Structures are given as structure tokens and as C-alpha cells.
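The lines below spell out each chain.
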There are 2 protein chains.
Amino acid sequence: MTLKEVANLILQHDNFEILTHHYPDGDCIGSGFALALALRQIGKKARVITTDRSKSFEYIFSKLKEQEFDTEFIIATDVANEKLLGVNQKAYEGKIDLCIDHHQSNCVNAPFKYIEADSAAAGEIIYELIPLLGAKMTRDIANCIYTAISTDTGCFRYGNTTSRTMRIAADLLDFGCDSAYINKIMFETKSKGLIRLERDLLKNMIFCADDKCAIIYTTLEMTKDLTDDETEGIASIPRQIEGVKMGITVREKADNFKISVRTNDGIDACEFCRQFGGGGHVSASGCTLKGTLDEVLQTLKDAAEKVL
Amino acid sequence: MTLKEVANLILQHDNFEILTHHYPDGDCIGSGFALALALRQIGKKARVITTDRSKSFEYIFSKLKEQEFDTEFIIATDVANEKLLGVNQKAYEGKIDLCIDHHQSNCVNAPFKYIEADSAAAGEIIYELIPLLGAKMTRDIANCIYTAISTDTGCFRYGNTTSRTMRIAADLLDFGCDSAYINKIMFETKSKGLIRLERDLLKNMIFCADDKCAIIYTTLEMTKDLTDDETEGIASIPRQIEGVKMGITVREKADNFKISVRTNDGIDACEFCRQFGGGGHVSASGCTLKGTLDEVLQTLKDAAEKVL
């Protein structure tokens, strides 16, 4: 399926729901809302379905007022797996018409799929889709796509950043996107609570596999005053340590542990997470585990020893 | 003076020394070595004078072998003030022929000056100068310029990043620059010692001016196992805290304290530092202070209370 065919398929319909994944990040929110704004611009109706509305994306949420309509066509953006729909899984499983994504591991069951694994973010695909829909780039759409691309590349820092990523970002800046504001919110703002959490994470960091693996963890107690999006960035901490090839972040949730794995030097994080039913990208993946904190840490240490 | 005139001036000479500032950062090193590599490519002789050779820039230093010649023309890149030449000040003060810089506050005494204050990095100017010299972009030069631009923009995160910055970076990626390696070294690598230091910094952080100012400090004891470039990045920590408009980092040196000031929301860091004989950019400046740690902290707190 070419992107032009994706555009033509979309243009045959009128009333859209756009799905995003749970623990929403900048890419699913930015891609979903950019597409919805573009669809409304060309006279379609569209809404974006999210699992929660975190405060840090309010500058995006506020641009799409509620609209009444009967859904006719369902698009998922940046959703690699129907399980990732979270609380929306039951309502939407098996009903996705079109899946637009950049995850190689995408296994969504949908009649139409457009997967571009060499895109740093789903937002890059949406950027190229918008003119094919006959929509124009606006400042609001540029803000959405800049959010998508900048967050999925760690602000152009990760190895997935290409010259295409950079040129799209340059175009978005020329369209007046408010990169200073978005960067400040996404990358440069930490609450005092997060500063305290980081201090505790650094104190409790665990090393294993000859110091090639570093693990940090949060308990419900440690994060009780923090929101999910406040703690989103901590997953990048353990991989940054000199000599560490695999950085693992364990977050206690109400009924399980959310695991984020970040790797260096080609160690396959996706394969690592797949053994626990998760997935993602080669150098950034995730999964969930059940058990006590000690059990989960031991499971991860054993698995890391095996790989490294 | 236009950049074409700068190129013509350079082309009239043959043997160059290129000066960089003390506590060298990616921009002065990257700009200086990019220019030297380009000059050698077109048959000139050139060396770069630095105050020290920090390990993290070894991938740049190693590309320029020593060359014997009598210096004929002296260029300073990214040097805003002759005081910033550090241990090289005595030898070079008043002898700079051409100054290429992006600091608005540049006050170097030189017959020829090319200052472009809207460039995010001196490296952007060098990028545009290279073809005017008749030199070709190479992978080594691209690595130097990428280092210059990425470090001075916090990897395209700071407000000085423009669409030109992004397009130059895109071109550098197309020239094969090793952005993944450079980003890893410059932004994603922390020694265990630095992790310990960060934990201590977060523990000892001082708030003043109704929490609009946050101050962190290092003592000689705290940094005795760390190099200057390892601790370079800590200056960005205090400004990141929610509500903080001025983040100050105090580093004890052998005979004084090095102060880094980072600001948000248009608070003028350059003006703040100028009262102590320093300077820089509106949102990132520096100065040095003498006294005991307590005296220095009190001076900074008083000054911050006045501004905020």
C-alpha cells in the first residue's frame, strides 16, 4: 500500500475515530491530533480516542473541540498492538480499519496497514500524508507533528533521527511551530517531585551482567505524587551510564510492573521484551511483568545476564 | 564584512593558527577543527590552539596531525572575549587577525570581525564559509560541525535552534556524519562518578527568590574524580525545575568559582553575569567569582533576588 493509496482510502470516508495507545506519548498524541485537524480542515469529521488526557499535552488537546457524529472509519496511529489500546481495547479490538505506524513489530489486525519502519516517528508519515489529503500545513498541525517527531527522537538525539526527520523539523519551524515551548514542556521541565524521585533512583540503581546492565525502579509509594507523564523520561537514565549496554526501568503500577528497556550497540531490546509478551524498537522497547518487585527484578537480571 | 569577504581575506594567507576558548566546548572545538581541516584541504597549513585536550573530543583531535610552520594569520572561532583564551591569553592577546563568532557580546580586539548573533553556533558560520573557501564537505568536517551545532543547541533543544540549524544538520547527516556516536558521547554518556555527583547535587539544591531561582554547587572534593567535560552538562539541571526562571551552577575551581547561569522566559543571563565581569547569551551565560563557597552563594542569591 502506498501513502497515496492510504490518502485515497481515507478520502472515501467522512467520519473518523483515531485511536492512540495507552500511556500516551508525544508521537501517538501528535500524530493522531495532526491527522484529525487535517481531516477537519478538508471537511471531514474526526475525533481522537485517548486513554487519558495528561496535562502536558493540553496545548494539543485544546485545539480539537468535541464533534458529534457516528463513526464510520477507524484509524490507529502509532499503535503497534491492539493490547496497547489499554482501556479502549475491548471496544475497538478487531474494528480498526486502517493502521498507520512506524513499528516494525506491528501486529494489529486490520484490513489496511501502512507501516514505515524507517520513520523515526509516526508523525513523519502523517507529515507526508497531509498534502496527499489535500490539507494544508497550519501552525496547530505543525505543533502536533513537531511534538510527535521530537519526542520519539529524544529531541533529535536518538539513532532513529534521519536527515528526513531534520528536514521535516526545519519545515515545521518555518510553519511557525512553537518548538521552544514544546521542548521546554517535553524535555526541560521537571517538577520538584521528579527531582526527588531522580535522586532516589540514582541511589537505588542496580547493576548486573558485569555492569553492562543498569536497572532503576519506582514503587507506587515513590511515584504517588507524580503523574505518568512526569516520570516518562526516567527510562533514559540507566542506558546513559558509561559501559551500560542495556538500561531497564521498572515501574510499579496498580496490578503489574511496566518495564522499559533501552539498549546501546545493537543489543535487541525488542527481542528482549518479546519473551515477556512485549515489543517495540531495536533500541527502545517495553513489556509488563507480574509478581513482587523482587521477583520482577530477579527475572530481569536473569534475562539480562543471558543476553549480555 | 560579508562572509564572502571573510573567505577572500582568508584565501590571501597560507599559515593559520585557530584559537579556541578555555573550558573548550563542542562549538569552539568543532568550529576550529572544521576550519583547519578545510584549510588543509585547499593546500593551506593550519593548527588549532586549545587550552586542553579533553578525552571526549578525541574523535576530532585525532583527525588533525601536527604540522610545522610559521604562523602568519590568527583566527579566533567562538571566542567572545580575549580573557576567554585562558592560559593562551598572554601569548595571543592583541594578535588576533580575524574573529568569527556568534556571540552578540563579542568584544575581541581584532582588525577583522565576522559576528553573526542569530547563528545558533559558530559552526553554522563555518558550514557556510567552507564552500566559499573552495573546500568540500567531508565526513570528518561534517562530524566537527555537527559537534559544534548539536552541543550549542543542546541537541536542537534550545531556543536558538532555527530551521537553518536543522537544515544544516540534515545536510551533515547526508554527508555521513556520525550523529549517533557524537550524540552518545556528548549527551547520553554519564560516568558512574557523574551519576553520584548528580545525586548529591539534587540533594543539596538551594532555592531562593520565591523558588524562581535554583542553585546547585560542586566543591573540589565532589568533583575530584571527574573531568571538566564530564561535569559540563550539570549546568542545565537547575533551570529545568518547574517554576524556576534562573538556574545557577557554581563550580569550585583551584582559585575561584566558575558560575554558569541559565534562564527562562527572557530573564537576561548575560546582563546578570556582566555585573560580575562575565557574559554570553541572553539565556546562557557565565562568570567567575572569588571568595568562600558561602560568600559566593550569598552573592548570587542576593543578585538573583534583585532580578527576579
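Our structure is the block above this text.
Description of the structure in this document. Since this is a predicted model, take the numbers as computed values, not measurements.

Conventions adopted
What you see as residue numbers is a count from 1 along each chain, following the sequence as written. Naming scheme: in the order in which they are written, chains are lettered from A and ligands are numbered from 1. Restriction of local features to residues with pLDDT of at least 70 applies here, the model being predicted, together with a cutoff of 80 or more for giving and counting side-chain atom pairs; totals for whole chains, interfaces and linings are based on all residues. Side-chain measures here rest on the full set of heavy atoms in the structure, leaving out hydrogens and waters. Disulfides are defined as pairs of cysteine sulfur atoms found within 2.5 Å of each other. For the exposure calls, accessible area comes from a 1.4 Å probe over protein chains only, and a residue counts as buried if that area is under 20% of its type's maximum, exposed if over 50%, partly exposed in between. By definition in these notes, contact holds between two residues if any of their heavy atoms fall within 4.5 Å. Defined in terms of a 1.4 Å probe, buried area is the accessible area two parts forfeit on being brought together, summed over both. A side-chain nitrogen of Lys or Arg and a carboxyl oxygen of Asp or Glu constitute a salt bridge if their distance falls within 4 Å. Numbered from the N terminus, helices here are DSSP runs of H or I no shorter than four residues, and strands are runs of E no shorter than two. Each residue is assigned to one class: nonpolar for Ala, Val, Leu, Ile, Met, Phe, Trp, Tyr, Cys and Pro, charged for Asp, Glu, Lys and Arg, and polar for all the others, Gly among them. Buriedness for pockets is judged along seven lines, at least five of which must meet protein on both sides within 12 Å for an open set on the 1 Å grid over protein atoms alone, while cavities are sets there where a 1.4 Å probe fits but cannot get out, and lining residues have an atom within 4 Å of a point. Grid points are joined across faces, edges and corners, and a volume is the space filled by probe spheres set on the points. We treat two strands as partners when DSSP finds at least two bridges between them. Helix span, as expected, comes to 1.5 Å for every residue beyond the first. Read the arc as the range of directions from the helix axis to the C-beta atoms.

### Notes on the state of the cysteines
Residues and elements named next belong to chain A.
- Using the criterion set out here, one finds zero disulfides over all chains in the structure.
- You can see cysteine 28 has no disulfide; the closest cysteine sulfur is in cysteine 144, sitting 12 Å from it.
- Judged by its relative accessible area of 0%, cysteine 28 falls in the buried class.
- The thiol of cysteine 107 is not disulfide-bonded; the next cysteine sulfur, from cysteine 99, is found 9.2 Å away.

### Quick word on the interface of chain B and chain A
- Tallying the contact residues gives 36 residues for chain B and 37 residues for chain A.
- Counting the surface lost from both chain B and chain A, the interface buries some 3600 Å², and carbon and sulfur atoms represent 55% of this.
- Close ionic contact of Asp174(A) with Arg167(B) constitutes a salt bridge, the shortest N to O distance being 2.8 Å.
- Of all the elements, helix 7 (residues 163-174) of chain B adds the most residues to the side of chain B that touches chain A, at eight residues.
- Counted by class, the side of chain B that touches chain A contains 13 nonpolar, nine polar and 14 charged residues.

### Focus: empty space enclosed by the protein
Residues and elements named next belong to chain B.
- Under the counting rule described, the total for this entry stands at one cavity of 30 Å³ or more.
- Each pocket or cavity is described by its volume, and for the largest cavity that value is around 30 Å³.
- Lining the largest cavity, in full, are Tyr23, Asp228, Thr231, Glu232, Arg251, Lys253 and Lys258.
- Class assignment for the residues of the lining of the largest cavity results in one nonpolar, one polar and five charged.

### A word on unusual backbone geometry
- Unlike most non-glycine residues, Cys155(A) shows phi in positive territory, near 60 degrees.
- Among the secondary structure elements, Cys155(A) is positioned in the loop between helix 6 (139-152) and helix 7 (163-174).
- Not every positive phi belongs to a glycine, and Asp210(B) is a case in point at roughly 55 degrees.
- Among the secondary structure elements, Asp210(B) is positioned in the loop between strand 6 (206-208) and strand 7 (213-218).
- On the basis of relative accessible area, Asp210(B) is assigned to the exposed category, the value being 70%.

### A closer look at the pairing of strand 3 (residues 73-77) of chain A
Residues and elements named next belong to chain A.
- Most of strand 3 is tucked away, with five of its five residues classed as buried.
- Side chains of strand 3 alternate between two faces, with Phe73, Ile75 and Thr77 and Ile74 and Ala76 buried alike.
- Bridging between strand 1 (residues 15-19) and strand 3 involves four bridges; their strand directions are parallel. Pairing of leucine 19 across the sheet is with alanine 76, part of strand 3.
- Sheet topology places strand 3 next to strand 4 (residues 98-101); three bridges connect them, and they run parallel. Within strand 4, the position partnered with threonine 77 by the bridge is isoleucine 100.

### Brief notes about helix 12 (residues 293-307) of chain A
Residue and element names in this part refer to chain A.
- Compared with an ideal rise of 1.5 Å per residue, which puts 15 residues at 21 Å, helix 12 spans 21 Å between its outermost C-alpha atoms and is within 8% of the ideal.
- Here helix 12 has its buried residues at Val296, Leu297, Leu300, Ala303 and Ala304. What you see down the axis of helix 12 is that its buried residues fit within an arc of 135 degrees, all on one side. With respect to the buried face of helix 12, the exposed residues turned more than 90 degrees away are Asp294 and Lys306.
- Contacts made by the buried residues of helix 12 are with strand 6 (206-208), strand 7 (213-218), strand 8 (246-252), strand 9 (257-263), helix 11 (269-274) and strand 11 (284-289).

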